Amino acid sequence: MQVTLLGTGDTTGTPTPNCDCATCEAARERGIERTRFSVHVEDESTGDSLLLDFSPDFRRQFLREDVPLPDAGVVTHVHFDHLDGLGNANRLFDDLPVYAANETDPETGESVAETVARKFDYLGALDARGVAPHETFEAAGFDVTLVPVDHPPLLCYGVVVERDGATLALSGDTTYNIPTQSRDAMRDADLLLADGIVPASLCEHHPLGGKHEGSDGVPRTFGTKHMTREGALALGEDLDASETRVVHAAHFYPGAEAFADEIAVDGETFRL
């Protein structure tokens, strides 16, 4: 299983347009990007490939990384930076199964799968398929499980992808408060991609601060929707992941910390 990180940034990406912060300037100087979130998974022996979330930067990501178009996709939740790239399916696919959770979100009145189907009803190739959380299904030859996480006010899901004894776990957009059953499903992954939007030191600048402090008093949640870098790495330790990479990183990381080894950038690949 080859995993390619197509997009490792948050909703504005890094560099952010018209931003001259130290992190964005350093990214430009290094030729590094963190575009909006998306992960490509491929079985090189069969050519099967799966896309986890559809970044608005879809076209650029696929041209840049030269990976094959997916045979199927998974959508974790309905926020713009994870969903709206589905519009790129127009004229690129004859058939594209897209899997998403089938449970109704009280906030939207419909499931993620129903939102996908409604929002992209003009795409003849799109086949939106609702699946139950915690029930493993097959997509493009991979065994996939959606697991509920904590990203209020919307329902959001992590993803576990397995094939031939290799396991990829994706935290989804979430706080550190991931339910026990979901943590159990994500345990012992060969690679964990964990949402870590900013370092914990920035919690003091959030109107709601941070929470879910570790034994050292460091917040593992930033505000109410995302983990800190420290939370993402702690999650990897909790779940006994063989390797953890921090994703969904914002340009608010201080310049001196933004490109630390544990924080992913676009184009990284892993063979599991």
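See the structure above.
Residues numbered from 1 in each chain as written. Predicted model: local features only at pLDDT ≥ 70, side-chain atom pairs only at ≥ 80, totals over all residues. Heavy atoms only, no water.

Engineer: Outline the pairing of strand E12 (residues 210-213), listing residues and values.
Structural biologist: Two strands pair when backbone bridges link them, and E12 and strand E13 (residues 219-222) are joined in this way by three bridges, in the antiparallel orientation. Residue pairing for E13: Glu213 is matched across the bridge by Pro219. (Pairing = 2+ DSSP bridges. Helix = DSSP H or I, 4+ residues; strand = E, 2+ residues; numbered from the N terminus.)

Engineer: Would you mind going over the pairing of E13 in detail, with residue names and values included?
Structural biologist: Taking the residues between adjacent antiparallel strands as the criterion, E12 and E13 are bridged by five residues, where Gly217 takes a positive phi near 80 degrees. Here E13 pairs with strand E14 (residues 226-227) via two bridges, running antiparallel. Across the sheet, the residue bridging to Thr221 is Met227, located in E14. The turn linking E13 back onto E14 is made up of three residues, and Gly223 within it adopts a positive phi angle of 65 degrees.

Engineer: Go over the sheet that holds strand E5 (residues 96-101), please, and point to the residues and values.
Structural biologist: Taken in spatial order, the seven strands line up as E6-E5-E4-E3-E2-E1-E16 in an open sheet, and their pairing is mixed. Looking at which strands have only one partner, the edges of the open sheet turn out to be strand E6 (126-131) and strand E16 (269-271). Ignoring strand direction, the axes of neighbouring strands in this sheet form an average angle of 20 degrees. For strand E1 (residues 2-7) and E16, the ladder comprises three bridges, and the chain directions are antiparallel. Counted as the bridge partner of Gln2 is Arg271 from E16. Where helix H2 (residues 58-65) meets the sheet, its contacts fall on E1, strand E2 (38-43) and strand E3 (48-52), and the angle it forms with E1 comes to roughly 135 degrees. Here helix H4 (residues 112-119) sits on the sheet and contacts E5 and E6; the angle it forms with E6, its principal contact strand, is near 165 degrees. (Axes fitted to C-alpha atoms, helices over the stretch in contact; angles between N-to-C directions. Contact = heavy atoms within 4.5 Å.)

Engineer: Which residues make up H2, and what values do they have?
Structural biologist: Every buried residue of H2 is listed here: Phe58, Gln61 and Phe62. Along H2, the residues classed as buried sweep out an arc of 90 degrees about the axis, all on the same side. Exposed residues pointing more than 90 degrees away from the buried face of H2 are listed as Arg59 and Leu63. Looking at the buried residues of H2, the elements they touch are E1, E2 and E3. Immediately beyond the C-terminal end of H2, within one or two residues, lies Asp66, with a positive phi of roughly 55 degrees. (Buried < 20%, exposed > 50% of the residue type's maximum accessible area, 1.4 Å probe, protein only. Arc of directions from axis to C-beta.)

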